[in-house]
Amino acid sequence: MGTQALDRWLRINALFVSVVIALGTVACTRGQQIRQQALADSSAVTFAAPDGTTLAGRIFGPGTARTGVVFAHMLPADQSSWFDVADFLGRRGYRALTLDFRGYCPGGDAGCSQGVKDPSAAADDLSAAVEFLRAGNVRTIALVGASMGGTAAMVVSSTAGDQIAAVITLSAPAAIDGLQAGPETVQTVTAAKLFIAGSGDAQAAAAAQAFYDQSLQPKDVQILTSDDHGTDLLEGNQSEATRDLITDWLGRFAPA
């Protein structure tokens, strides 16, 4: 490569790098703005699990809403992984609640739940969040859970009958550390079920398909072209599709 060609290549490469950095900065700034707005639109709350453990949560949306959505996080994330989506739905008329499962204490705006981390108690913690919404006069409730949170959502829905209108899982396994949603559990869930996973997340995709095969109508399974797991699906190449699937399913079976 001649000197002029090399100089030209270096200039082009430098320009490309500058554009990538600029785009990354814009995206980062936009993400920070969205998060700041989500925090401004919400307030911190606490409530007790059945055994008395104090759990931290955050509430979004109008207090007059009659349809609520509870968001359950994955391991090792915390409730903040759902803040942006919860705020998005809150501004569309839903009463949305995120929670930290017991033992998750990120601190600050992300809250701090008491106790020791225990996935086997996740369903009890999620049930407490449902009751917290019901105490605020919410009448229709949907559950949205990522990975461990999705498994807990299936367990809670299996004993709730028609009290849960819709369930959406992102990359939920059938079992994790003592928390199980086997065929006998899945078959009793009467809520409208949507199972989402990434095709490159092989175990999650297989679990989503198995949940679909085992469950009653209404149901759907969506395997997206992605390697992302759980709430990472909301950040990667399928972020828009994932959010649209969630909002469309809620609009069909648990409208605001």
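1. Considerations on the overall build of the protein
And step 1. Check the secondary structure of the protein and you find seven helices and 10 strands.
And step 2. Taking all 256 residues of the protein together, 48% fall into the buried category.
And step 3. By sequence separation, contacts in the protein at least 24 residues apart represent 72% of the contacts at least 6 residues apart.
And step 4. Carbon and sulfur atoms provide 52% of the accessible area of the protein, an area that totals close to 11600 Å².

2. Re the confidence of the model for the protein
And step 1. In the predicted model, the protein carries a mean pLDDT of 92, and the fraction of residues at 70 or more is 88%.
And step 2. Overall, residues 19-27 carries pLDDT values under 50, and its contacts beyond four positions in sequence, including any with other chains, amount to zero contacts.

3. Things to note about the pairing of strand β5 (residues 140-146)
And step 1. In terms of burial, β5 is a largely internal element, six of the seven residues being buried.
And step 2. In this sheet, β5 lies alongside strand β3 (residues 67-72) in parallel orientation, the contact comprising six bridges. Among the inter-strand pairings, Ala 72 is bridged to a residue of β5, identified as Gly 145.
And step 3. Note that β5 and strand β6 (residues 164-170) share six bridges and pair parallel. Bridged to Ala 142 within β6 is Ala 166.

4. Quick word on the packing of aromatic side chains
And step 1. Inspection of every chain in the model, using the stated rule, returns five aromatic pairs.
And step 2. A ring pair is formed by Phe 71 and Trp 82, whose centres lie 5.0 Å apart and whose planes are at 40 degrees; its orientation type is tilted. With a gap of 11 residues between them, Phe 71 in strand β3 and Trp 82 in the loop between β3 and α2 (83-90) connect regions that are remote in the sequence.
And step 3. The class of Trp 82 is buried, set by a relative accessible area of 0%.
And step 4. One Lys or Arg, Lys 219, reaches over the ring of Tyr 212 and ends 4.4 Å from the middle of that ring.

5. Observations regarding the pattern of salt bridges
And step 1. Summed over the entire model, instances satisfying the criterion amount to four salt bridges.
And step 2. The residue Arg 102 makes a salt bridge to Asp 51 at a minimum N-O spacing of 2.8 Å. Highlighted residues: Arg 102 in the loop between β4 (95-99) and α3 (122-135) and Asp 51 in the loop between β1 (42-48) and β2 (54-60), separated in sequence by 51 residues.
And step 3. Of the residues examined, Arg 102 reaches a relative accessible area of 9% and is grouped as buried.
And step 4. What makes Asp 51 exposed here is its relative accessible area of 52%.
And step 5. The closest approach of N and O atoms between Asp 87 and Arg 91, which form a salt bridge, is 3.1 Å.
And step 6. Asp 87 gets classed as buried once you look at its relative accessible area, which sits at 3%.

What counts, and at which threshold
Residues numbered from 1 in each chain as written. Predicted model: local features only at pLDDT ≥ 70, side-chain atom pairs only at ≥ 80, totals over all residues. Heavy atoms only, no water. Helix = DSSP H or I, 4+ residues; strand = E, 2+ residues; numbered from the N terminus. Buried < 20%, exposed > 50% of the residue type's maximum accessible area, 1.4 Å probe, protein only. Contact = heavy atoms within 4.5 Å. Areas by Shrake-Rupley, 256 points an atom, 1.4 Å probe, with all protein chains shown as cover. pLDDT = per-residue confidence, 0-100. Pairing = 2+ DSSP bridges. Phe/Tyr/Trp six-rings, centres within 6.5 Å; stacked < 30°, edge-to-face > 60°. Lys NZ or Arg CZ within 6 Å of the ring centre and 35° of its normal. Salt bridge = Lys/Arg side-chain N within 4 Å of Asp/Glu carboxyl O.

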